[in-house]
Amino acid sequence: MSRPQHFGWFLARGFGPQGWGYPSLEWDYDWTRPEIYQDAARTLEQAGFDLVIIEDAPSLGSPSTIDLRVRHAFGGPKHDPLLLAPYLFQATRHLGVVPTVNPAAYLPYTAARQFATLQHLSGHRLGLNVVTDTGSARHFSAAPQLGHDEAYDRAEEWLDGIRALWRSWDDGALLADRDTDVYADGTRLRAVEHRGEHFAFDGPLNAVPFTDGDPAIVSPGGSGRGLGFAGANSDVQLALAPLNEKSVRDYRAKVHDAATERGRRPEDIKILFAIQPVITPSVEEADRIVAASAHPDDAALVQIARKQSSDLETDLTSLDLDRPIDLSVFGAHVSRGSIQRLIGDRGEEAPLRAHLSALARAGRISDRTGFVGTAEEFADLIEELGEWGNDGVLLWGDFHPVTLHRTLDELVPVLRRRGILRREYADGGLQANLRAF
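What you see is a predicted model, and the numbers here were worked out from it, not measured in a lab.

Caption draft 1: Layout of the packing of helix α4 (residues 108-121) against helix α5 (residues 148-166). Relative to each other, α4 and α5 sit at 55 degrees, their axes nearing to 9 Å. Considering their axes alone, α4 and α5 lie oblique with respect to each other. Of the two possible hands of crossing, α4 and α5 adopt the one that is right-handed. Along its contact with α4, which presents P108, Y109, A111, A112, F115 and A116, the element α5 presents W158, I162, L165 and W166.

Caption draft 2: Local environment of helix α9 (residues 298-312). Compared with an ideal rise of 1.5 Å per residue, which puts 15 residues at 21 Å, α9 spans 20 Å between its outermost C-alpha atoms and is within 8% of the ideal. Among the residues of α9, those classed as buried are L301, I304, A305, Q308, S309, S310 and L312. Here the buried face of α9 lies against α2 (66-70), α10 (336-343) and α11 (352-360). Note on α9: the residue one or two positions beyond its end, E313, has a positive phi of about 50 degrees.

Caption draft 3: Layout of the pattern of salt bridges. Scanning all chains against the criterion turns up 29 salt bridges. Across the salt bridge formed by R13 and D398, the nearest N and O atoms sit 3.2 Å from each other. Placement of R13 in the loop between β1 (6-11) and α1 (35-47) and of D398 in the loop between β14 (392-397) and α13 (401-408) is noted, with a sequence separation of 385 residues between them. The residues R13 and D398 share a single accessibility class, namely buried. In this structure, the salt-bridge partner of R265 is E267, at a minimum N-O distance of 3.6 Å. Through salt bridges with shared partners, a single ionic network connects E376, D380, E383, R417 and R418.

Caption draft 4: Region of interest: the sheet that holds strand β2 (residues 51-54). With respect to topology, eight strands assemble into a closed barrel ordered β1-β2-β3-β4-β9-β10-β11-β14, the strand pairing being parallel. Pairs of neighbouring strands in the sheet enclose a mean axial angle of 25 degrees, with direction left out of account. On top of the sheet, α5 reaches β3 (96-101), β4 (127-130) and β9 (216-219); it is set at about 160 degrees to β4, its chief contact.

Caption draft 5: Representation of the packing of aromatic side chains. What the rule picks out here adds up to ten aromatic pairs. Taking the centre distance of 5.1 Å and the plane angle of 75 degrees together, the rings of F15 and Y37 count as edge-to-face. Of this pair, F15 sits in the loop between β1 and α1 while Y37 is found in helix α1, placing the two residues 22 residues apart along the sequence. Side by side, F15 and Y37 carry an identical accessibility label, which is buried. Centre to centre, the rings of Y37 and F399 are 6.5 Å apart; their planes meet at 35 degrees, and the pair counts as tilted. Highlighted residues: Y37 in helix α1 and F399 in the loop between β14 and α13, separated in sequence by 362 residues. Each member of the pair, Y37 together with F399, is buried. Aromatic ring contacts, followed pair by pair, group F15, W31, Y37 and F399 into a single cluster.

Caption draft 6: Expanded view of the nonpolar core. Ranked by size, the top nonpolar core spans 77 residues in total, and within it F115 and W158 carry the most contacts. It is α5 that provides the largest number of residues to this core, a total of seven residues. Dropping the residues within four chain positions of it, W158 is found in contact with V101, P103, Y106, L107, P108, A111, F115, V130 and F199. Within the second largest apolar cluster, 14 residues are counted, among which are I325, I339, I343 and L356.

Caption draft 7: Representation of the pairing of β1 in the model. Extensive coverage of β1 is indicated by the burial of six of its six residues. By the alternation rule, side chains of β1 split into H6, G8 and F10 and F7, W9 and L11, which are all buried. In the sheet, β1 pairs with β14 via six bridges, with the strands oriented parallel. By the bridge assignment, W9 is partnered in β14 with L395. Where β1 meets β2, four bridges bridge the pair, whose relative direction is parallel.

Caption draft 8: Fine view of unusual backbone geometry. With an omega of 5 degrees, the peptide bond running from G76 to P77 counts as cis. Summarising the element assignment, P77 is placed in the loop between α2 and α3 (81-91). Looking along the chain, the bond that leaves G203 and enters P204 is cis, with omega of 5 degrees. Structurally, the position occupied by P204 is in the loop between β8 (200-202) and β9. The phi dihedral of A176 falls on the positive side, at around 45 degrees, and the residue is not glycine. For A176, the position within the fold is in strand β5 (residues 174-177). Judged by relative accessible area, A176 falls into the partly exposed class, the value being 45%. One non-glycine residue with positive phi stands out, namely D181, at about 60 degrees. Counting through the fold element by element, D181 comes out in the loop between β5 and β6 (182-184).

Caption draft 9: Seen up close, empty space enclosed by the protein. By the definition in use, this model includes one cavity of 30 Å³ or more. Put simply, the largest cavity is a space of about 40 Å³. The wall of the largest cavity is formed by L68, R71, H72, R306, S309, D315 and T317. In the lining of the largest cavity, the residues fall into one nonpolar, three polar and three charged.

Conventions we followed
- Residues numbered from 1 in each chain as written.
- Predicted model: local features only at pLDDT ≥ 70, side-chain atom pairs only at ≥ 80, totals over all residues.
- Heavy atoms only, no water.
- Axes fitted to C-alpha atoms, helices over the stretch in contact; angles between N-to-C directions.
- Helix = DSSP H or I, 4+ residues; strand = E, 2+ residues; numbered from the N terminus.
- Parallel < 35°, antiparallel > 145°, perpendicular 65-115°, else oblique.
- Left-handed = near helix turned anticlockwise from the far one by under 90°.
- Contact = heavy atoms within 4.5 Å.
- Expected span 1.5 Å × (residues − 1).
- Buried < 20%, exposed > 50% of the residue type's maximum accessible area, 1.4 Å probe, protein only.
- Salt bridge = Lys/Arg side-chain N within 4 Å of Asp/Glu carboxyl O.
- Pairing = 2+ DSSP bridges.
- Phe/Tyr/Trp six-rings, centres within 6.5 Å; stacked < 30°, edge-to-face > 60°.
- Core = buried A, V, L, I, M, F, W, Y, C linked by side-chain atoms within 4.5 Å.
- 1 Å grid on protein atoms, 1.4 Å probe; cavity = no way out; pocket = protein on both sides within 12 Å on 5 of 7 lines; lining within 4 Å.
- Points joined across faces, edges and corners; volume = space filled by probe spheres on them.
- Nonpolar A, V, L, I, M, F, W, Y, C, P; charged D, E, K, R; others polar.

Structure representation (structure tokens):
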């Protein structure tokens, strides 16, 4: 029996050059203008999606590797997604919009005021994807870069402070009583005096309280500390894990245990697994794509190497494809985990070609080796996830119309017929839609 699940779109390139590197660029959309994003947001709302999460990285990375990040527009440029949000709200009525925000970049009082403003202007449709990227810290403060867990500690203090400011207007403080000509009762405003390890500020906030809940908090971290942050704070957890029953159930159990440990209910957090499907018009086309991916040509490998060069801030395109990677080429700024994801289980002696070919290799949805398949096959996968208790999925890609329509045109009708994808939205904004089922 099919049951409804939540659907979101992860704008993986962020507020950046949509379509760059693909033939669809010739549609000549201007990525710096709002229209392409507004068109995409309207498409997602028509499709019944709950939210769009806009990726962001405020830094171009290490000063010595900036060229690798911008040469093919994988790591930049990026404009500020928080300032794009109002244009998407204006174009839609129900879709939740979730810009990525970094606690290092926003002082709590300023953040609380700006986010409160957008929550009101949007009809309670704002979400915040809270990331703890520490590499960008040099742009915002002369303070030393924090470690992984310390950055989460700062994020938690930041969010606690913002929530305290949002709640600095007690019930009954806002009167708007025309008969007595009293707009607000100042005796019901609480003075917030925060003196923490990372922030110091006073309240109360001069923005009025919400009527339909705070902005929804989204978090992407999969580490123990990241899952702890999600358990304590998040309404949506962006999940990355193999989509087999054991992995899905184990991941969900970790998030739910973290929520319970912090006094919350497991159902307070919607867990959305990120997937990038390739929807094909036929089984035969899906088989062709998968077969071709097993033997990528050098041009395909170079394109993958460009993306990996940006992510790893190390120029892989200058290396010999048929020789092993000398791991000394990776600087201290590159995480060991990122290197291991490239090397995989092939070992350090395997040539670069083998690593890039593994990343190029696609698999079929039908046998659960990958995400290439027809809309019906993808719907089968989503139904199976639902049987394991899944809350929903997060599809991802550019916000280019070609990307969205290739993914959604055949998929939406199939999901709707099976009762998996919503047809109607709840009243009350993003939080209300997340709680609807």
